[in-house]
Structure formats: structure tokens, C-alpha cells
Amino acid sequence: MKARHYIFILTFVLLSLYTGFSYGQFKDESETVTPGGAPLGESIIEYWESGVELNASRGECKNVRAVVPVPTNWKEQKVKLVKEDISPLAKISFRDVKGGGKMLMINIPVLPARAKEKVILRYEIECFATEAPSDTSIYQKAENVSKNRDLRLYLQPSPKIESKDKKITKLAKTIGVDAENAWKEVEAVYDWVREEIKYENGPQKGALAALKDKTGDCEELTALFVGICRAKGIPARVVWVPGHCYAEFYLVDAEGNGHWFPCQTAGDRAFGEMPFQYIILQKGDSFETLLDKKPVKVPYIPVQLKSLEAQPHAKFITEKVVQ
């Protein structure tokens, strides 16, 4: 009996270790998810393709490099690669970028004249709606957030979000100051932006320009909301989805666990929840271009193409598709 007992214990321990190791291989590393926050709602299945088609119509191309954003796992979405269409000369890898996103890195050492190559990846994405928490009064501002390396990024100015400008910091001191809790304070910022900034399509001009002009589209309304939150010491960031963007703000619960909550400043009202099942491409608003010798700060990482000598014709693919 003793021998069997020891064998059972040893088997259980080894199985537990193996299970934990396997989970560690496949768990979502994009951010730590803790219980609480915005509950998940209904989900839908979408399909997305990322990639590029190249044509060396101008002659032989050397050291061809391309960057294309691809979807990755978040609390609100589960991503699975379901199809690859990769030409023989192309080599691919993936890079997680600081701030929240994943990039497809494509390299072709030599692309012969008139040759055609392609890399197209198809993803199946389960997109979840999120619901507002039932008790919002428990959420408060995080303490010592500036000492947190991961959150510090979302308190600083970034391209088109001038959160330390005097006009924005002065405004931040006047909105929601008498709110009964942090949730209500952030909601006051949200309501102010929606009421004071008129929605108007146009080129991306940033938070400060939107404040001055009192106009802007989803990028400007989101940027101004994020900038005011940051000026208040509340981490906030932009979420980029196809053809649109919205914001997230960060508060902690009674146990000190932090949570990101969505809000859509442009379009239908959605504060602390997201009833729309968007495909999330990137989270954040301060990135660096990946192929430039001197990286450039950008609000989101765009597609890029670089090569030596001749430049191939490129057709980038970033679109929703039907299975």
C-alpha cells in the first residue's frame, strides 16, 4: 500500500508540474488578467488576414524587409492562426512590441527580377463584448503608479497626446474634481469630451489641436480623453481596431488588483463597457517604427517596406475576410 501511495503522489506531482508548464507555454502574455474588471459578454467569430504580396517588376531586389501588424490575444479576444500562404523565398518571424501588439516580420534576402512572392496569414478570432462591472464604486486610482514600469508608459505624453501641456493639465484640474469616486471622475472626463468636442472627420491632428478647435474624429476624441486622464494620474491608452479606435482607462479594485476598462468617445455611448465585438489590432499610442535606421515615434505601428537597390511593388493585406 505504501509503495502505491508514493507512486500516486509522485504521479500527481509530476502531472501538476507538467500541466503548469504546458499552460505557461500557451497562456496569453499580452497582459496579466486578474479576476474582476469588465466581465466578458457574448462573442462572435471573425476572420482576419495580414500579409503582403510583392512583385519585383523594377528589377532584382535585395534584403527585402516588411512589417505588418497581426492580431494577438487579449482578454477580449482569442486568436488562432488557421491558414498560411507563404512563398518559398520568404522567411517570417514575429515580434511583440512594447505597449501592446504583435508584428509579422518578413525577410527575403534576394527577390529576382520579375519574381512574385507573398506572405498571407489568416486568423480566426473570437471577439468578446465586455460589460460594465455591477459595482463601480470599488474602483479607485492606483497608488504609486509612476513606479510601475508597465503602467508608467500610459502616464506619459505620446505622439498626438500632449498630456503634459499646460492647457490639458489645467483642464484636468477642473473636470470631475468633486466626483464621489474615481469611476465617476473618469466618467466626468468622458462626458466632457463627448459634450465639448464636436465630431468632425479629418486628418489626425492630436489632443491639443482638438481642444483648441473643439472638433475632431475618433482619434482626436480618444486622444483628448486619454490625455486628460493621464494629466490626472490615471493610466489610459488607445485601442486600435479596423477603421476606428477607442480608449481604455486603468483603475484598481478593493484588493489592489488593476483592471483596464474600455470607453468609446466617438459614436454610440459606451463607458466602462464595450458592447461591440471589435477585432483589436494594437493597444497603446507610443510605438517606434521597426525598419528605420533612426526609429520614429508613432501613435500606432504602420505597415513598412524596405529593400536595397530596386524597390518591389507591394500590396499590403490587412483586412477582414469571410471564411
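Structure: above.
From a predicted model like this one, the values you see are computed outputs, not experimental measurements.

A separate point is the side chain of T72. By secondary structure assignment, the location of T72 is in the loop between β2 (61-70) and β3 (77-86). Excluding anything up to four places from it in sequence, T72 contacts Q77, V79 and K102.

With 15 residues, helix α4 (residues 182-196) should reach 21 Å at 1.5 Å per residue; the first-to-last C-alpha distance of 21 Å fits that figure. For α4, the set of buried residues is A182, W183, E185, V186, E187, V189, Y190, W192 and V193. Where α4 is buried, its residues meet α3 (166-172), α5 (207-213), α6 (218-231), β10 (244-252), β11 (258-264) and β12 (270-271).

In a structure, side chains of opposite charge can pair up when their charged atoms sit close to one another. Going through the model one piece at a time under the given rule, you end up with 16 salt bridges. A salt bridge links D191 to R269; the nearest nitrogen and oxygen atoms lie 2.6 Å apart. Placement of the pair is D191 in helix α4 and R269 in the loop between β11 and β12, with a sequence separation of 78 residues. Note on D191: relative accessible area 23%, which makes it partly exposed. A salt bridge links D285 to R230, with the shortest nitrogen-to-oxygen separation between them at 2.9 Å. Taken together, the residues span a long stretch of sequence, with D285 in the loop between β13 (282-283) and β14 (287-288) and R230 in helix α6 at a distance of 55 residues. According to the relative accessible area criterion, D285 is buried, its value standing at 2%.

Applying the stated criterion to the full structure yields 15 aromatic pairs. Centroid distance W183 to F249: 5.5 Å. Interplanar angle 70°. Geometry classified as edge-to-face. Placement of the pair is W183 in helix α4 and F249 in strand β10, with a sequence separation of 66 residues. An identical accessibility class is assigned to W183 and F249; each is buried.

The next thing to look at is α6. Taking 1.5 Å of rise per residue, 14 residues should cover 20 Å, and α6 covers 20 Å from first to last C-alpha, within 8% of that figure. In terms of residue burial, α6 counts as a mostly covered element, since 13 of its 14 residues are buried. With a side-chain oxygen lying 3.1 Å from the backbone nitrogen of E219, the N-terminal cap of α6 falls on D217. Following α6 by one or two positions, G233 adopts a phi angle in the positive range, close to 85°.

Reading the values: the criteria
Think of each chain on its own: its residues are numbered from 1, step by step along the sequence as written. Where local features are concerned, this predicted model is filtered to residues with pLDDT of at least 70; where side-chain atom pairs are given and counted, the filter is 80 or more; whole-chain, interface and lining totals use all residues. In computing side-chain properties, one takes all heavy atoms of the structure into account and sets aside hydrogens as well as water. Helix and strand assignments follow DSSP, with helices taken as H or I runs no shorter than four residues and strands as E runs no shorter than two, numbered in order from the N terminus. Here a residue-residue contact requires only that any non-hydrogen atoms of the pair lie within 4.5 Å. Multiplying 1.5 Å by the residue count of a helix minus one yields the expected span of that helix. Each residue's exposure class comes from its accessible area (1.4 Å probe, protein chains only) as a fraction of the maximum for that residue type: buried when under 20%, exposed when over 50%, partly exposed otherwise. The term salt bridge refers to a side-chain nitrogen of Lys or Arg lying within 4 Å of a carboxyl oxygen of Asp or Glu. Any two rings among Phe, Tyr and Trp, with Trp reduced to its six-membered ring, count as a pair given centres within 6.5 Å; such a pair is stacked if its planes are under 30 degrees apart, edge-to-face if over 60, and tilted if neither. We define a polar contact as two N or O atoms separated by no more than 3.5 Å, with the added condition that, inside protein, one atom must be a possible hydrogen donor and the other a possible acceptor, whereas residues neighbouring each other in sequence contribute only through side-chain atom pairs.

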